[in-house]
Amino acid sequence: EAQVTQNPRYLITVTGKKLTVTCSQNMNHEYMSWYRQDPGLGLRQIYYSMNVEVTDKGDVPEGYKVSRKEKRNFPLILESPSPNQTSLYFCASSFLGGGEKLFFGSGTQLSVL
Amino acid sequence: AQSVAQPEDQVNVAEGNPLTVKCTYSVSGNPYLFWYVQYPNRGLQFLLKYITGDNLVKGSYGFEAEFNKSQTSFHLKKPSALVSDSALYFCAVRDMGGGSQGNLIFGKGTKLSVKP
C-alpha cells in the first residue's frame with residue numbers, strides 16, 4: 001500500500017532533549033516536506049527536499065533540522081526542543097514537487113514541557 | 001506574494017443540504033489551486049485541483065470546486081452533505097515566488113460540521 005509513515009504518533013518530551021521524528025515513503029517520490037499545524041494558523045512549512053541531499057528552508061525553519069540521505073526517508077530533528085515547538089507535525093511527499101498532489105502521513109503530536 | 005484565505009472558521013450544514021466552503025486567493029499569474037481534507041486524527045488527503053481548463057473541477061467523495069477568476073475564488077461545493085463529510089478542509093495555492101520553489105501555501109482551514 002502506498003503510504004507515508006511517520007513515527008512516533010505521539011511524543012512528550014522536556015525542553016532541551018534532542019528528538020527525531022521519522023518519515024518514510026514507499027512511492028519513490030522525489031519531493032518530501034515537513035509541516036506543522038497549529039490552531040488558527042493552518043499548515044506552515046518547515047523544510048522541504050527536492051531530492052536526495054537537496055534540502056531547503058520553508059516558512060518556519062528555526063529550531064529544526066532535516067536530512068535526506070536516502071530517497072525514502074526524511075527525518076525531522078529538534079536539537080533542543082522548546083515549548084513553542086509543541087505542535088502537530090506532518091510529513092508529506094509528492095512525485096513531481098511541492099506544488100502538486102501531496103501525500104501526507106498521519107501526523108506526530110509533539111508536546112514539549 | 002501569493003496567499004490564500006478561508007474566511008469562515010466553521011461551516012454548519014444539515015445532512016442532505018448543499019454545502020459550500022469558501023476560499024479566495026491572491027497570486028501573480030495563473031493560479032494552481034487545491035483542496036485537501038483532514039479527518040479527525042488523520043493526515044490531509046487530496047480532494048481536487050485546478051490548473052487550467054473547465055472552471056468546475058470534480059474531485060473525490062462527490063466534491064467539486066468552482067474557479068472564478070474575476071472574484072479570485074475557488075469555493076468547494078457538494079450538492080448533498082453527509083455526516084461523514086464532517087472534517088477540516090484546507091484550500092491551498094501554489095506559490096510561484098522565487099524562494100519557495102513552487103510549494104503550496106495553505107489556508108488556515110475551515111471546519112465543516114454536518115448534522116443529521
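Above this text is the structure in question.
These notes cover the structure that comes with them. (Residues numbered from 1 in each chain as written. Chains lettered and ligands numbered in written order. Predicted model: local features only at pLDDT ≥ 70, side-chain atom pairs only at ≥ 80, totals over all residues. Heavy atoms only, no water.)

**Focus on the interface of chain A and chain B**
Selection criterion: Any two residues whose heavy atoms approach within 4.5 Å are treated as being in contact. When two parts are brought into contact, each loses some accessible area as probed by a 1.4 Å sphere; the total of that loss over both is the buried area. Salt bridge, as applied in this entry: a Lys or Arg side-chain nitrogen positioned within 4 Å of an Asp or Glu carboxyl oxygen. A run of H or I in DSSP becomes a helix once it reaches four residues, and a run of E becomes a strand once it reaches two; helices and strands are each numbered from the N terminus.
On the chain B side, the residues contacting the 21 residues of chain A number 22 residues. Approximately 1600 Å² of surface area, both sides summed, lies buried where chain A meets chain B, with 51% of it carried by carbon and sulfur atoms. The tally of links between chain A and chain B comes to zero salt bridges. Secondary structure elements with two or more residues in the side of chain A that touches chain B: β4 (31-38), β5 (42-51) and β9 (87-94) of chain A.

**Overview of the packing of aromatic side chains**
Threshold: Only Phe, Tyr and Trp rings are paired, with Trp represented by its six-membered ring, and only when their centres lie within 6.5 Å; those with planes under 30 degrees apart are stacked, over 60 edge-to-face, the remainder tilted. Only protein chains enter the area calculation, which uses a 1.4 Å probe; residues under 20% of their type maximum are buried, those over 50% are exposed, and those in between are partly exposed. The criterion for a charge sitting over a ring is simple: Lys NZ or Arg CZ within 6 Å of the ring centre, and within 35 degrees of the ring normal.
Enumeration over the complete set of coordinates arrives at 16 aromatic pairs over all chains. Their ring planes at 85° and their centres at 5.6 Å tell us that Tyr35(A) and Phe106(B) sit as a pair that is edge-to-face. In this pair, Tyr35(A) sits in strand β4 while Phe106(B) sits in strand β11 (residues 104-106), so the two residues belong to two different chains. Between Tyr25(B) and Phe67(B), the aromatic rings sit 6.0 Å apart at their centres with planes inclined by 20°, giving stacked as the arrangement. With a gap of 42 residues between them, Tyr25(B) in strand β4 (residues 24-26) and Phe67(B) in strand β8 (residues 64-68) connect regions that are remote in the sequence. Side by side, Tyr25(B) and Phe67(B) carry an identical accessibility label, which is buried. Counting every residue linked through ring pairs, the aromatic cluster contains Tyr35(A), Phe90(A), Phe104(A), Phe34(B), Tyr36(B), Phe46(B), Phe90(B) and Phe106(B). Note that Arg9(A) overlies the ring of Tyr10(A), its terminal NZ or CZ placed 5.1 Å from the centroid.

**Topic: the pairing of β8(B)**
Residues and elements named next belong to chain B. Heads up, the condition is: Two strands are counted as paired when DSSP detects at least two bridges linking them.
Inspection of the sheet shows strand β7 (residues 56-58) paired to β8 by three bridges, in the antiparallel sense. If you follow Leu56 over to β8, its bridge partner there is Glu66. Hairpin connection between β7 and β8: a loop of five residues separates the two successive antiparallel strands, and Tyr61 in this loop has a positive phi of roughly 60°. Bridge count for β8 against strand β9 (residues 73-78) is five bridges, and the pairing is antiparallel. Residue pairing in the sheet places Asn68 in a bridge with Ser73 of β9. Here β8 hands over to β9 after four residues, with Thr72 in that stretch at a positive phi of 45°.

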